[in-house]
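This is what each chain is made of:
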Amino acid sequence: MANALKLCCDVVRWFPVVFITAIVLWSYYAYVVQLCAFTVPSIAEKVVYLILYHPLLVLFMWSYGRTIMAAPGKVPRQFYLNKQDSDRLTRETNEEVQKAILMTAAKDLPIVNRTSSGLPRYCEKCKCIKPDRCHHCSVCGLCVLKMDHHCPWVNNCVGFTNYKFFVQFLGYALIYCLYVAATSVKYFISFWSGHGNRDMGKFHVLFLFFVSIMFGISLISLFGYHCYLTASNRSTLEAFRSPIFQSGPDKNGFSMGKYGNFVEVFGESKKEWFLPIFSTQRDGVSFPTRTKQANTYQTMGKTPSVGDGVNYPTRTVDLDSDGLLAERQRWMEEGGELGTVNSYGAHDNNGMNLELR
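Fair warning: this is a prediction, and the values are worked out from it, not measured in the lab.

A.B. asks: Can you help me understand the environment of Leu119 in this one?
C.D. replies: Its place among the elements puts Leu119 in the loop between helix H5 (95–106) and strand S1 (122–123). Residue classification places Leu119 among the buried residues on the basis of a relative accessible area of 6%. It is 7.4 Å that separates the C-alpha atoms of Leu119 and Lys99, two residues lying 20 residues apart in sequence.

So this is what it looks like as structure tokens:
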């Protein structure tokens, strides 16, 4: 029964991807056949429209496919606790002993992020020390490197392995919609005003313009927001909850300047900037910071925010925890009230997937 339910959930999660793919296939028919072949009167105009249309479509679908198919970045083996330590941590009731276990496990790991009490961030589901910028996704069921969010429209986590593809997908989808709308608008006006033929094919042109405008408007703000995140070197999660360093929370802690931030996502090679090719030089575990962070873990108590001017209390809840340790301890991860919905339309990840709405 459980396996059947899981299979049903897996199938349902593909519905948004199938919907987007169906819309694109229909738009191809409406644009190439109904608009260019049957509606546009000029041969030269047809040729120009089709020559410009197909490269945009290829880049759009290529980046979309890469975003869907890229495996979420998995945490390297050295970050996982061995079975003896993980079992001991689970059974242990003394908070100080639990802290000591985590401190010992993380002492040789390249970590600068920590909880508000100065401890390594630990995922009790995966039983691993979280690398910097890593978070647990309840939908994927694993910790994802540099996790941005879980996106239902691609049925995948957006993170270290595919964030470049995701931004390109948004950008090329926006250009695709604007191009289709711009080249079909005069024929839409002609049909709407009653000057064109009223055969069924013209309804495809009518809806093609409406759909391209609708999706284009929705993509403008979304693409602009992720351009801002790229230029600031933040993930969606970090934009709403600043990462904590030894000096305290700092929302700009990973910022290397606009060009440096862009290169971190899109890579050094300019020839690969606009192609859906994995080109970053990072390993997804270590990231440069604005100031050199000492790799030591000290209790920070009540730490002032360097990023947002907000005080972060020591007593916090691990949003990636399923309750194994969180009921007894509040020192594992920075966070807020359970089930909080942020202004981006996303839920925190305490048993709820962070989705792009």
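A.B. asks: Whenever I open this one, H5 confuses me. Can you help?
C.D. replies: The periodicity of an α-helix, 3.6 residues per turn, causes residues three or four places apart in sequence to face the same way. Relative to the 16 Å expected for twelve residues at 1.5 Å per residue, H5 spans 17 Å between its end C-alpha atoms, a close match to the ideal helical length. Turning to H5, its buried residues number three or more, namely Gln98, Lys99, Ile101, Leu102 and Ala106. The buried residues of H5 occupy an angular sector of 160° when projected down its axis, which confines them to one face. Tucked inside the fold, the buried residues of H5 contact helix H4 (83–91), S1 and strand S2 (128–129). The backbone nitrogen of Glu96 lies 2.8 Å from a side-chain oxygen of the residue at the head of H5, namely Asn94.

A.B. asks: Looking at this model, I keep getting lost on the state of the cysteines. Mind explaining?
C.D. replies: Each disulfide consists of a covalent bond between the sulfur atoms of two cysteine residues. Applying the stated criterion across every chain yields a total of zero disulfides. With no disulfide of its own, Cys128 lies closest to Cys143 among cysteine sulfurs, the gap being 4.0 Å.

Conventions adopted
Residues numbered from 1 in each chain as written. Predicted model: local features only at pLDDT ≥ 70, side-chain atom pairs only at ≥ 80, totals over all residues. Heavy atoms only, no water. Helix = DSSP H or I, 4+ residues; strand = E, 2+ residues; numbered from the N terminus. Buried < 20%, exposed > 50% of the residue type's maximum accessible area, 1.4 Å probe, protein only. Expected span 1.5 Å × (residues − 1). Arc of directions from axis to C-beta. Contact = heavy atoms within 4.5 Å. Polar contact = N/O pair within 3.5 Å; in protein donor to acceptor, adjacent residues only side chain to side chain. Disulfide = S-S within 2.5 Å.

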